[in-house]
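# Tertiary structure, described
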There are 2 protein chains.
Amino acid sequence: MGLLMVLLQVIHYKAMVRDIQMELFGGIIGLLFLVFGIWLGMKLFNKNTSEKYDGSKLGLSKREVEVLELLAQGFSNQEVADKLFVSLNTAKTHISNIYTKLNVKRRTQAIQKARDLALIPTPKG
Amino acid sequence: MGLLMVLLQVIHYKAMVRDIQMELFGGIIGLLFLVFGIWLGMKLFNKNTSEKYDGSKLGLSKREVEVLELLAQGFSNQEVADKLFVSLNTAKTHISNIYTKLNVKRRTQAIQKARDLALIPTPKG
DNA sequence: ATTTACTTCATTCTTTTGGGTGATTTAATC
DNA sequence: GATTAAATCACCCAAAAGAATGAAGTAAAT
């Protein structure tokens, strides 16, 4: 009878341990699903947060590519300046240099060319 | 001894049932995390996926869509006017009306929105 | 016939954009 | 230490773009 009691105790103990493991396991699974969900959400609805676009071929600096992306998002010179925390003059200088390097005359053309050269993300993907 | 065997069988059975329930529970939790993750991913990486628009046409006239296409090709107001054989003033009027109807402030935004609404062909596909 | 929508053009005015030049600072490189 | 590339900002000027009007002709629909 004592042996039986011990046996039952052991079974009970193992069940408890498994419960804890189960909770841990469930938590990990949950986390994995969370990560996967975020990744999936990103893929499905992405606007490409961070991917490097190489402007080196055309001598575009990283700052200029940055400006280019803002132009492509439809911002005015002043808005670009604000978003980069620089003066309007600075923004205009960057933009002018971009036009020269891309060999275009207007911002709409610059946006087109930048997209065409894959210097900036495309609207859809 | 027979009673003991039965007892063990019952315990084992209950553990199995609980295992199944656990798996179900874990699956549900996983799904919830998945949904939450997707939602989070959407929130984090989506910048206005789609904006509800009135009708499919938004009240844009044939001529206005024509102007829109030229804008999207990077032409200046004067160039648009020339291509349509109208005066600069007329082109500007059309363009202004387009901005009003599309509810935008700049031509770059108009181009974007027009593409987004598939009012004009996209550069790629 | 009257209304309605579209297209056309004009004027006036303000804002934005673009071109050109030059200067300063900083970081990296030689 | 000198050179170089970036990034920053300023000033001036001209052109383009945009906002807000009004108006006139035309074609289609009611």
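Residues numbered from 1 in each chain as written. Chains lettered and ligands numbered in written order. Predicted model: local features only at pLDDT ≥ 70, side-chain atom pairs only at ≥ 80, totals over all residues. Heavy atoms only, no water.

### Some points on the protein's contact with DNA strand C
Taken together, 16 residues lie near DNA strand C, and Tyr 99 of chain A together with Ser 61, Arg 63, Ser 87 and Asn 89 of chain B sit nearest. Counted by atom, the contact set of DNA strand C within 4 Å of the protein is 62% sugar and phosphate. Residue Arg 107 of chain A places a main-chain N or O atom 2.9 Å away from a phosphate oxygen belonging to DNA strand C. Contributing elements (two or more residues each) for the surface near DNA strand C: α4 (88-102) of chain A together with α2 (62-72) and α4 (88-102) of chain B. Of all the elements, α4 of chain B adds the most residues to the surface near DNA strand C, at 4 residues. (Near = heavy atom within 4 Å. Polar contact = N/O pair within 3.5 Å; in protein donor to acceptor, adjacent residues only side chain to side chain. Helix = DSSP H or I, 4+ residues; strand = E, 2+ residues; numbered from the N terminus.)

### Some remarks on the packing of helix α2 (residues 62-72) of chain A against α4 of chain A
Residues and elements named next belong to chain A. Their axes nearest at 10 Å, the elements α2 and α4 cross at an angle of 95°. Considered as vectors, α2 and α4 are oriented roughly perpendicular to each other. Here Arg 63, Glu 64, Val 67, Leu 68 and Leu 71 of α2 come into contact with α4, specifically with His 94, Ile 95, Asn 97, Ile 98, Tyr 99, Lys 101 and Leu 102. Across the contact of α2 with α4, the residue classes tally to 7 nonpolar, 2 polar and 3 charged. (Axes fitted to C-alpha atoms, helices over the stretch in contact; angles between N-to-C directions. Parallel < 35°, antiparallel > 145°, perpendicular 65-115°, else oblique. Contact = heavy atoms within 4.5 Å. Nonpolar A, V, L, I, M, F, W, Y, C, P; charged D, E, K, R; others polar.)

### Remarks on the side chain of Ser 76 of chain B
Mapped onto the secondary structure, Ser 76 of chain B falls in the loop between α2 and α3 (77-84). Take Ser 76 of chain B: its relative accessible area is 17%, and that puts it in the buried class. (Buried < 20%, exposed > 50% of the residue type's maximum accessible area, 1.4 Å probe, protein only.)

### As for the protein's contact with DNA strand D
The full set close to DNA strand D counts 18 residues, and Ser 61, Ser 87 and His 94 of chain A together with Lys 92 and Tyr 99 of chain B are the nearest of them. Of what DNA strand D places within 4 Å of the protein, 64% of the atoms are sugar or phosphate. Between a phosphate oxygen of DNA strand D and a main-chain N or O atom of Ser 87 of chain A, the distance comes to 2.8 Å. In this structure, Asn 89 of chain A approaches DNA strand D through a side-chain N or O atom, which is 3.5 Å from a phosphate oxygen. Tallied by class, residues from the surface near DNA strand D come to 2 nonpolar, 9 polar and 7 charged.

### Details of unusual backbone geometry
The backbone of Phe 85 of chain A shows a phi angle near 60°, a positive value even though the residue is not glycine. Looking at the secondary structure, you find Phe 85 of chain A in the loop between α3 (77-84) and α4. In this structure, Asn 103 of chain B takes a positive phi of about 60° despite not being glycine. One can find Asn 103 of chain B in the loop between α4 and α5 (107-116).

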